[in-house]
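Topology and contacts: notes
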Amino acid sequence: MAIAPGTRLGPYEILAAAGAGGMGEVYRARDTRLDRTVAVKVLSTRLADRPDLQKRFEREARTISKLSHPHICTLHDVGQQEGVDFLVMEYLEGETLGHRLERGPLPVEQTLKYGTEIAEALEAAHRQGITHRDLKPGNVMLTKAGAKLMDFGLAKLVEQPAPVAVALWEMADAPTLPSGEKSLTEEGVIVGTFQYMAPEQLEGKEADARTDIFALGMVLYEMATGHPAFTGKTKASVIAAILSSEPKPLRDVQPITPAALDRLLRVCLAKNPDERWQSAHDIKLQLEGIRNGEEVAAPTARRAAPMWRWIVVAVLLAALAGYAGGRWGRSEPTKAPVYRTALPPPAGHFYVAYDFAISPDSSRLAFTATSADGVTTLWVKSLATNTDQEISGTQGAVYPFWSPDGRAIGFFAEGKLKKADLATAGVQTICDALVGRGGSWNRDGTIVFAPHIGAALAGVSADGGVPVPATKLHEPNESHRWPTFLPDGRHFLYFVDWSGGRDGLYVGSLEAGEGVLLSADIRGNVAFAAGHVLFVRDGTLYAQPFDTEKLRFTGDPVAIVNQDLEQDPGFGKVGFSASESGALVYQSRRSYSSRLVWFDRSGKEMEAVGDAASYEPRLSSDGRWLAVTLDVATNGHSRVHVVDLRRG
């Protein structure tokens, strides 16, 4: 029932109706104590007897009270009078973004400006542990002071359970409605507005900050084009589009749109939350960069780099030291990890061979990337600014590793061990290395490296010279690879393979060529950080305490990242790197964009088979079975999986 003008709710005098939402009516009112205009939101009388909506209304009050930001509508007061629950909020003069979009797309500058302000508002909410869950054009007010994010009625504190998703069959024949103020949050049907929901919301899974990032991508897309990113004739068809299709490229709809904005939105609208931007802060920085004419460090269109447009996740803290404090007996308080994504440079993709290394001070990432014309070079990414710099003269570079002072990077290319001086941009050849398999650089200027597949490790001065043996072979084809110095700069860890029963992790020294077996169960490259050796087994990254004086393990391994890393079965290389200062970088197996897809004879894509992964498929002669090599077992060899194509 509408409230008549002149009615008092506490000290607030109702002046006129101002709008309505899925949970109640909004009125323009006067605060008689302070003589100011306010907005009063009243819980709808038809819903007042619904305990669940009553709780949601109360949650909105608690949620908004935690937020204070120039781009979030301010809560002034909360009250109840004669069974009427109401919120008193800042009165905003202007129009909703939904109403504005009815007149068509916004100019690019306004899209970037308002998008930046909305991202700032989400960043403030997410820092308080609050997910909005109903971001849409109708919940953004455009005022003289900029964009204002409103209506946290569906907001979720992180400890609360996820909403129940609507069943598809409940909306098979229901028509869609235009965006804006015409909400589709029908009573008893759905929690939120489904046209702007992320796939995980529609599937009833847990919502988090990345859910809001998907919705922000939808809103930005509509601001730039004047059209929703996903459309359909029925609710079911819209939901199907969100779950399974890609929106038209931004520049196909609005040609004058910056290409960088198109790339940004494609990451926002990734189906998998792990493949999206991981924070509203990152989106804000990207939008500001586009406004300033800077290039966004984001991937090209999804098909441009079909297999290795993967995401590297950086855990930036004293990650290992903090984890050790909580799990390995240290007294330091455990710190919460901070996750970031590192994406390939524009028009390129990361090289296939897990080629990256975190700098000693944790501020930069050295990696190799392949351009569209197939040339692989060495790059350096600043983790502070997310900017990339290509190092000239490094064509064919693989397996980079840092100097201890962070001023140079060693790498292998053209059958040589080389180094790139970052200050002078000069590249120097150090010595021959026919098929390099990893290197490590100590503070005395000595590099220990693997010069060939079937060879012992060698040591050489970083200034160049003749290599000398650093380890001894016991079998003709034995392979020593992936060395990493321990903190004393004299001892190093390395992996022995093809040894006829001696495979495993060893510790060697510059003084003695004979290595000592540490573990026959650890294979591939390792890292040392915060008093622990890091290694991967069966896709899980472990850390095990290690005494650098006694040169032995002193405790049991503890899992850091579960079932999320791939290991190359031929070379034993795994995509992770760690610095002594406490930064861990790893390649997530969940970020693969490679899929197995059926095509008809005309080349038309029919359907996908299995999840995204790195496959080597073989089809049976009768077409029923598909054999694939997929993950890696403890012995370093790929397992074979067989898929029944009839039953899936």
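Refer to the preceding data block for the structure.
Below you will find a few notes about this structure. (Residues numbered from 1 in each chain as written. Predicted model: local features only at pLDDT ≥ 70, side-chain atom pairs only at ≥ 80, totals over all residues. Heavy atoms only, no water.)

1. As for the overall build of the chain
- The secondary structure content of the chain amounts to 10 helices and 42 strands.
- Put simply, the chain has 648 residues, and 52% of those count as buried.
- Long-range contacts, defined here as pairs at least 24 residues apart, represent 51% of the contacts in the chain between residues at least 6 apart.
- Looking at the chain as shown, the accessible area adds up to about 28300 Å², and 51% of this sits on carbon and sulfur atoms. (Helix = DSSP H or I, 4+ residues; strand = E, 2+ residues; numbered from the N terminus. Buried < 20%, exposed > 50% of the residue type's maximum accessible area, 1.4 Å probe, protein only. Contact = heavy atoms within 4.5 Å. Areas by Shrake-Rupley, 256 points an atom, 1.4 Å probe, with all protein chains shown as cover.)

2. Digging into the packing of aromatic side chains
- Per the counting criterion, the structure on display carries 13 aromatic pairs.
- Seen in terms of ring centroids, F367 and W379 are 6.4 Å apart; in terms of plane orientation they differ by 15°. Their pairing is stacked. Of this pair, F367 sits in strand β16 (residues 364-371) while W379 sits in strand β17 (residues 376-382), and the two are 12 residues apart along the sequence.
- F367 gets classed as buried once you look at its relative accessible area, which sits at 0%.
- Classification of W379 as buried rests on a relative accessible area of 15%.
- When the ring of F535 is compared with that of Y542, the centres are 5.6 Å apart and the planes differ by 20°; the resulting orientation is stacked.
- Through pairs of rings, three or more aromatic residues link up here, namely F401, F412, W441 and F449. (Phe/Tyr/Trp six-rings, centres within 6.5 Å; stacked < 30°, edge-to-face > 60°.)

3. Overview of a nonpolar patch on the surface
- A grouping of W598, M606 and L619 is seen on the molecular surface, where their side chains present a nonpolar patch of about 300 Å² in accessible area.
- Checked against the element boundaries, W598 lands in strand β38 (residues 596-599). (Patch = residues over 30% accessible without salt bridge, like charges linked within 9 Å, V, L, I, M, F, W, Y side chains within 5 Å. Salt bridge = Lys/Arg side-chain N within 4 Å of Asp/Glu carboxyl O.)

4. Observations regarding the side chain of R210
- Mapped onto the secondary structure, R210 falls in helix α5 (residues 209-225).
- In terms of polar contacts, R210 uses its side chain to reach the side chain of D208, at 2.9 Å.
- A distance of 2.6 Å separates a polar atom in the side chain of R210 from a polar atom in the side chain of D274.
- What R210 contacts, discounting residues up to four positions off in sequence, is E200, P273, D274, R276, W277 and Q278. (Polar contact = N/O pair within 3.5 Å; in protein donor to acceptor, adjacent residues only side chain to side chain.)

5. Topic: the sheet that holds strand β27 (residues 479-485)
- Reading across the sheet, the 4 strands line up as β27-β28-β29-β30 and stay open at both edges, with antiparallel pairing between neighbours. At either margin of the open sheet sits one strand with a lone partner, and together these are β27 and β30 (516-519). Going across the sheet, the axis of each strand differs from the next one's by a mean of 35°, ignoring polarity.
- In this structure, strand β28 (residues 491-497) lies alongside strand β29 (residues 504-509), joined through 6 bridges in antiparallel fashion. In the strand pairing of β29, L493 is matched with V507. (Pairing = 2+ DSSP bridges. Axes fitted to C-alpha atoms, helices over the stretch in contact; angles between N-to-C directions.)

6. A look at the sheet that holds strand β26 (residues 468-469)
- The antiparallel open sheet is built from 4 strands, whose spatial order is β23-β24-β25-β26. Of all the strands in the sheet, just β23 (439-441) and β26 have a single pairing partner and so form its edges.
- Bridge count between β23 and strand β24 (residues 446-449): 3 bridges; the pairing is antiparallel. Note on β24: the bridge partner recorded for S440 is V448.

7. Focus on the side chain of S577
- Its place among the elements puts S577 in strand β36 (residues 576-578).
- In terms of polar contacts, S577 uses its side chain to reach the backbone amide nitrogen of I358, at 3.0 Å.

8. Some words on the pairing of strand β3 (residues 24-31)
- Across 8 bridges, β3 lies against strand β4 (residues 36-43) in antiparallel orientation. If you follow E25 over to β4, its bridge partner there is V42.
- The turn joining β3 and β4, which pair antiparallel and follow one another in sequence, is formed by 4 residues; a positive phi near 50° is taken by D35.

9. Comments concerning the pattern of salt bridges
- Inspection of every chain in the model, using the stated rule, returns 25 salt bridges.
- The salt bridge involving D134 is made with K136; its shortest N-O contact spans 3.9 Å.
- Residue D134 is classed as buried on the basis of its relative accessible area, which comes to 6%.
- The closest approach of N and O atoms between K416 and D432, which form a salt bridge, is 2.4 Å. Of this pair, K416 sits in strand β21 (residues 416-421) while D432 sits in strand β22 (residues 426-432); the two residues are 16 residues apart in sequence, bridging distant segments of the chain.
- According to the relative accessible area criterion, K416 is partly exposed, its value standing at 30%.
- One network of salt bridges, in which partners are shared, links E13, R30 and D35.

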